[in-house]
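So you can see what is in the structure, the chains are spelled out below.
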Amino acid sequence: MPHISGDTGETEARPTGRIRGARRLLTTAAVLMSVFLVTSSFVTTLLIPADEFQAGGLANGRALAFLAHEYLGNGFGTVYDASTIAILWFAGASAMAGMLNLIPRYLPRYGMSPDWAGAVRPLVLILTGIAFLITWLFDASVDGQGGAYATGVLVLITSAAVAVTLAARRAQQRWRTVGFGVVALVFLYTTIDNVVERPDGLKIGACFVLAIVLVSVASRVKRVFELRATEIDFDTTSQVFLRDCARRTIRLVAHKTEDRDVEEYVDKVRQLRRDHDLPSDPDVIFVEVTVVDPSDFEGRLHVRGEVLHQRYRVMSVNASSVPNALAALALRIRDDTGVIPHIYFGWTEGNPVQQLLQFLLFGLGEVAPVTREVLRRAEHDPSRRPHVHVG
């Protein structure tokens, strides 16, 4: 589908020609496969004795190959066998290509895989090793792998049918909703029947899902102290803030905003003076981080500057995690201005274990020590590390 050509002058934002071509491609493939499956099932049922389909029978797992040898000769049958093997090779390569396209696109985005999972070569080795392992565990038995394969394919098709039904319902396409709904019910019944008849497929699939979840959680926990900012850009106002403060001392104040009224900022400055024994109102920049989607592991940070209540400079940024964003922001300010910034926090009340879990799940929690740890891992030279103050 990515190789389909669109109409002349078509844009990426509106690929109507490519969509039309993709529909034609998928429809043609679906019709061909439907004809092949129905006719092959019909022909093999009529021409092959029932006992040959049983375990140990000559047609077990190779019905069409049996007919090729039986009715068209061993020469044609051998050619058919070779072509079948080649087709299966290409099917395996297609599945490999699909995995290589999907895994780097989704798992690393959520921090649920190591950094090397975004590279092609390690993934090829891992997936090939898994394929060899499954072949070894099942003794290369088609019957042994049949249940697991059928369960996986049926679950995939059933999920797709349900998704299309919901899409048609959202688009208020009544008859398509009914039609796709019937198809989804048929596949759902087939999936349940297959699982009941051959539960090994569900067990094997559950093992793979559990393994993926465990590896993903372990990876996320291990990488949680990375900077997680792919790029940081400042708007014009925030650049003016940094340029002015760079002549003196850059003091960043981590601030959890509520109503953004003037008393909120007055109290924060008063607390800052009291906690750190500053002689006068310090020249500070408030930094307010809003967690948008904590499931996103990394992303681009866009810093917006504004002056509130005619005197308080505030830099706002949306991120997936507060401490990681603050650490990345402090390091970027150091690199851009040549001045090592100071960043001020207040201790968070509550159980430290609960705060840690809140950070892992929602990107919040105990911000001060986590920010310091992220900075420590990102900058090994203490003399170049941004100063962290907690009061």
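This text follows the structure it describes.
In this report, we go over the structure that sits alongside the text.

Cut-offs and rules
- Residues numbered from 1 in each chain as written.
- Predicted model: local features only at pLDDT ≥ 70, side-chain atom pairs only at ≥ 80, totals over all residues.
- Heavy atoms only, no water.
- Helix = DSSP H or I, 4+ residues; strand = E, 2+ residues; numbered from the N terminus.
- Buried < 20%, exposed > 50% of the residue type's maximum accessible area, 1.4 Å probe, protein only.
- Salt bridge = Lys/Arg side-chain N within 4 Å of Asp/Glu carboxyl O.
- Core = buried A, V, L, I, M, F, W, Y, C linked by side-chain atoms within 4.5 Å.
- Expected span 1.5 Å × (residues − 1).
- Contact = heavy atoms within 4.5 Å.
- Phe/Tyr/Trp six-rings, centres within 6.5 Å; stacked < 30°, edge-to-face > 60°.
- Lys NZ or Arg CZ within 6 Å of the ring centre and 35° of its normal.

Some words on unusual backbone geometry
Next up, step 1: Of note, the phi angle at Gln 172 is positive, near 60 degrees, even though the residue is not glycine.
Next up, step 2: With respect to the helices and strands, Gln 172 occurs in the loop between helix H4 (142–170) and helix H5 (174–197).
Next up, step 3: The phi dihedral of Arg 260 falls on the positive side, at around 60 degrees, and the residue is not glycine.
Next up, step 4: Given the relative accessible area of 27%, Arg 260 is considered partly exposed.

Looking at the pattern of salt bridges
Next up, step 1: On inspection of all chains with the given rule, the structure shows 16 salt bridges.
Next up, step 2: Residue Arg 18 is joined to Glu 12 by a salt bridge in which the shortest nitrogen-to-oxygen separation is 3.9 Å.
Next up, step 3: One salt bridge connects Glu 379 with Arg 334, and the closest N-O pair in it is separated by 2.9 Å. On the criterion of sequence distance, the pair formed by Glu 379 in the loop between helix H11 (367–378) and strand S7 (387–390) and Arg 334 in helix H9 (residues 322–337) is long-range, its members being 45 residues apart.
Next up, step 4: The buried category is assigned to Glu 379, whose relative accessible area is 13%.
Next up, step 5: Salt bridges sharing partners connect three or more residues here, namely Arg 334, Asp 335, Glu 379 and Arg 384.

Quick word on the nonpolar core
Next up, step 1: Counting 26 residues, the largest nonpolar core has Leu 252, Val 289, Met 315, Leu 326, Leu 329 and Ile 333 as the members making the most contacts within it.
Next up, step 2: When residues in this core are grouped by element, the largest group, 6 residues, is from H9.
Next up, step 3: Counting residues in each nonpolar core, the second largest holds 11 residues, with Tyr 265, Val 269, Tyr 312 and Tyr 344 among its members.

Structural notes on helix H6 (residues 200–222)
Next up, step 1: Here H6 contains 23 residues, and its C-alpha end-to-end distance of 33 Å stays within 8% of the 33 Å for a straight helix at 1.5 Å per residue.
Next up, step 2: The secondary structure elements touched by the buried residues of H6 are H4.

Things to note about the packing of aromatic side chains
Next up, step 1: Evaluation of the coordinates by the stated rule reveals 3 aromatic pairs.
Next up, step 2: Geometrically, the ring pair formed by Tyr 265 and Phe 286 is edge-to-face, given 5.0 Å between the ring centres and 80 degrees between the ring planes. On the criterion of sequence distance, the pair formed by Tyr 265 in helix H8 (residues 262–276) and Phe 286 in strand S3 (residues 284–291) is long-range, its members being 21 residues apart. Residue Tyr 265 shares its accessibility class with Phe 286, and that shared class is buried.
Next up, step 3: With a centroid separation of 5.6 Å and an interplanar angle of 20 degrees, the aromatic rings of Tyr 265 and Tyr 312 are classed as stacked. Placement of Tyr 265 in helix H8 and of Tyr 312 in strand S5 (residues 312–319) is noted, with a sequence separation of 47 residues between them. Accessibility assignment for this pair places Tyr 265 and Tyr 312 in one class, buried.
Next up, step 4: An aromatic cluster is defined as three or more aromatic residues linked by ring pairs; in this entry it consists of Tyr 265, Phe 286 and Tyr 312.
Next up, step 5: Over the ring of Trp 175 we find Arg 174; its NZ or CZ atom is 5.7 Å from the centre of that ring.

Thoughts on H4
Next up, step 1: The first and last C-alpha atoms of H4 sit 41 Å apart over 29 residues, in line with the 42 Å expected at 1.5 Å per residue.
Next up, step 2: What H4 keeps buried is the set Gly 146, Gly 147, Ala 150, Thr 151, Leu 154, Thr 158, Ala 161, Thr 165 and Ala 168.
Next up, step 3: Buried-residue contacts for H4 involve H5 and H6.
Next up, step 4: Gln 172 sits one or two positions beyond H4 and adopts a positive phi of about 60 degrees.

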